[in-house]
Amino acid sequence: MRGAFWGEGPVVYLVHGWGGRGSQLAGFVAPLVRRGHRVVLFDALSHGDSGPGPHGPTTSSGVEMARSLDDVAARFGPARAVVAHSMGGLATMLAQEHGWLGLARLVLVAPVSRYATQFAAFADHLGLGVRTRARVDRLVEQRVGIPTSRFDLAVLAGEGEAVRTLVVHDRDDRQASYDESVRLVDRLPDARLVTTHGLGHRRVLADPRVVEAVASFVVGAELASGLASTA
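This section reports on the structure supplied with the text. Keep in mind it's a predicted model, so treat the numbers as computed, not measured. (Residues numbered from 1 in each chain as written. Predicted model: local features only at pLDDT ≥ 70, side-chain atom pairs only at ≥ 80, totals over all residues. Heavy atoms only, no water.)

### A word on the overall build of the protein
Reasoning step 1: From N to C terminus, the protein includes eight helices and eight strands.
Reasoning step 2: Compactness check: the protein gives a C-alpha radius of gyration of 17 Å against a globular reference of 17 Å for 231 residues, within 12% of the reference.
Reasoning step 3: The C-alpha extent of the protein, read off along each of the three principal axes, is 50 × 35 × 30 Å.
Reasoning step 4: Put simply, the protein has 231 residues, and 51% of those count as buried.
Reasoning step 5: Within the protein, residue pairs in contact and separated by at least 24 positions form 74% of the contacts whose partners lie at least 6 positions apart.
Reasoning step 6: Here the protein displays about 10,900 Å² of accessible surface, and carbon together with sulfur accounts for 51% of that area. (Helix = DSSP H or I, 4+ residues; strand = E, 2+ residues; numbered from the N terminus. Rg over C-alpha atoms; globule rule 2.2 N^0.38 Å. Buried < 20%, exposed > 50% of the residue type's maximum accessible area, 1.4 Å probe, protein only. Contact = heavy atoms within 4.5 Å. Areas by Shrake-Rupley, 256 points an atom, 1.4 Å probe, with all protein chains shown as cover.)

### Thoughts on the packing of helix α2 (residues 62–76) against helix α3 (residues 88–98)
Reasoning step 1: Two elements in contact, α2 and α3, have axes whose closest approach is 8 Å; the angle formed by their N-to-C orientations is 60 degrees. In terms of axis orientation, α2 runs oblique to α3. Two packed elements cross with a definite hand, and for α2 against α3 that hand is right-handed. Residues Gly 62, Val 63, Met 65, Ala 66, Leu 69 and Asp 70 of α2 form the contact with α3, whose own contacting residues are Gly 88, Ala 91, Thr 92, Leu 94 and Ala 95.
Reasoning step 2: Here the contact of α2 with α3 is built from residues that sort into seven nonpolar, three polar and one charged. (Axes fitted to C-alpha atoms, helices over the stretch in contact; angles between N-to-C directions. Parallel < 35°, antiparallel > 145°, perpendicular 65-115°, else oblique. Left-handed = near helix turned anticlockwise from the far one by under 90°. Nonpolar A, V, L, I, M, F, W, Y, C, P; charged D, E, K, R; others polar.)

### Concerning the pattern of salt bridges
Reasoning step 1: Here the structure, examined in full by the defined rule, presents seven salt bridges.
Reasoning step 2: Here Arg 21 ties to Asp 49 by a salt bridge, and the two come within 3.2 Å at their closest N and O atoms. Taken together, the residues span a long stretch of sequence, with Arg 21 in the loop between β2 (11–15) and α1 (29–34) and Asp 49 in the loop between β3 (38–42) and α2 at a distance of 28 residues.
Reasoning step 3: When its relative accessible area of 31% is taken as the criterion, Arg 21 is described as partly exposed.
Reasoning step 4: Here Asp 190 and Arg 164 are joined by a salt bridge, their closest N and O atoms 3.9 Å apart. Placement of Asp 190 in the loop between α7 (178–187) and β7 (191–196) and of Arg 164 in strand β6 (residues 164–170) is noted, with a sequence separation of 26 residues between them.
Reasoning step 5: Take Arg 164: its relative accessible area is 35%, and that puts it in the partly exposed class.
Reasoning step 6: It is possible to trace a salt-bridge network through shared partners that takes in Asp 152, Glu 180 and Arg 183. (Salt bridge = Lys/Arg side-chain N within 4 Å of Asp/Glu carboxyl O.)

### Let's talk about empty space enclosed by the protein
Reasoning step 1: Enumeration according to the criterion identifies one cavity of 30 Å³ or more in this entry.
Reasoning step 2: Along its surface, the largest cavity is lined by Val 15, His 16, Phe 42, Ala 44, Met 65, Leu 69 and Ala 91. (1 Å grid on protein atoms, 1.4 Å probe; cavity = no way out; pocket = protein on both sides within 12 Å on 5 of 7 lines; lining within 4 Å. Points joined across faces, edges and corners; volume = space filled by probe spheres on them.)

### Focus on unusual backbone geometry
Reasoning step 1: Unusually for a residue other than glycine, Ser 46 sits at a positive phi of about 70 degrees.
Reasoning step 2: Take Ser 46: it is sitting in the loop between β3 and α2.
Reasoning step 3: Residue Ser 86 is not a glycine yet carries a positive backbone phi of 55 degrees.
Reasoning step 4: Residue placement: Ser 86 occurs in the loop between β4 (79–85) and α3.
Reasoning step 5: Take Ser 86: its relative accessible area is 10%, and that puts it in the buried class.

### Quick notes on the layout of surface pockets
Reasoning step 1: Volume-wise, the second largest pocket comes out at about 240 Å³.
Reasoning step 2: Lining the second largest pocket we find 14 residues, and of these Gln 96, Leu 156, Ala 157, Gly 160 and Glu 161 sit closest to its centre.
Reasoning step 3: Among the elements of the structure, α3 and α6 (153–159) are those that each provide at least two residues to the lining of the second largest pocket.
Reasoning step 4: Here the lining of the second largest pocket is composed, by residue class, of eight nonpolar, three polar and three charged.

### Observations regarding the environment of Thr 92
Reasoning step 1: Relative to the elements of secondary structure, Thr 92 occurs in helix α3.
Reasoning step 2: Taking the C-alpha atoms as reference, Thr 92 lies 20 Å from His 55; in sequence the two are 37 residues apart.
Reasoning step 3: Aside from chain neighbours lying at most four places away, what touches Thr 92 is Val 15, Leu 69, Val 82, Ala 84, Leu 101 and Leu 106.

Note that every value here comes from positions in space, so none of it alone points to a role or purpose.
Now the structure itself:
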């Protein structure tokens, strides 16, 4: 598995989403290193420059991504924080529940909060019927070994120790539901939501205000001004 790390101090892991690569979160490296952290960035198996996962080079899942993060955490140790994009949030939660990963703070940027919502939108777009949807669910569960009902960030977070969480989501995101992020923050005991506009699903990662807000949150400082935030 390919990756890199910078700096010294408490560890911060940067976790990309499904179909992404670690370099998409590179903008967070320098601000976090300046604040005294070791920052670890990697490509999960079957992503970026890393080799193939157990099912081959062109396929992956949130569970496989969680195992990649777990392998990295076994080397670098518990996290001060994880900054995760899209499905990287699910991978982080699964790694925390089943593996080596421990963390004090969590940042979810444009998270895919719930499999059921995401799959329903996909199935609606394709016009899939009830029987086909049920069959897909069964195939997914057979492959990853976990019921699809578990792919819900609110469910996973509610079963472990409370982790202070920052959710950043753009109102114009067409790939992950903003409304699901609102639901997620409402259900978590210690979470706040930062809302952006006009950045979509990926450009939000490179916005200077978002980068500053995330870095401030990781070190426990006040969030930068200019972003809409709700506790």
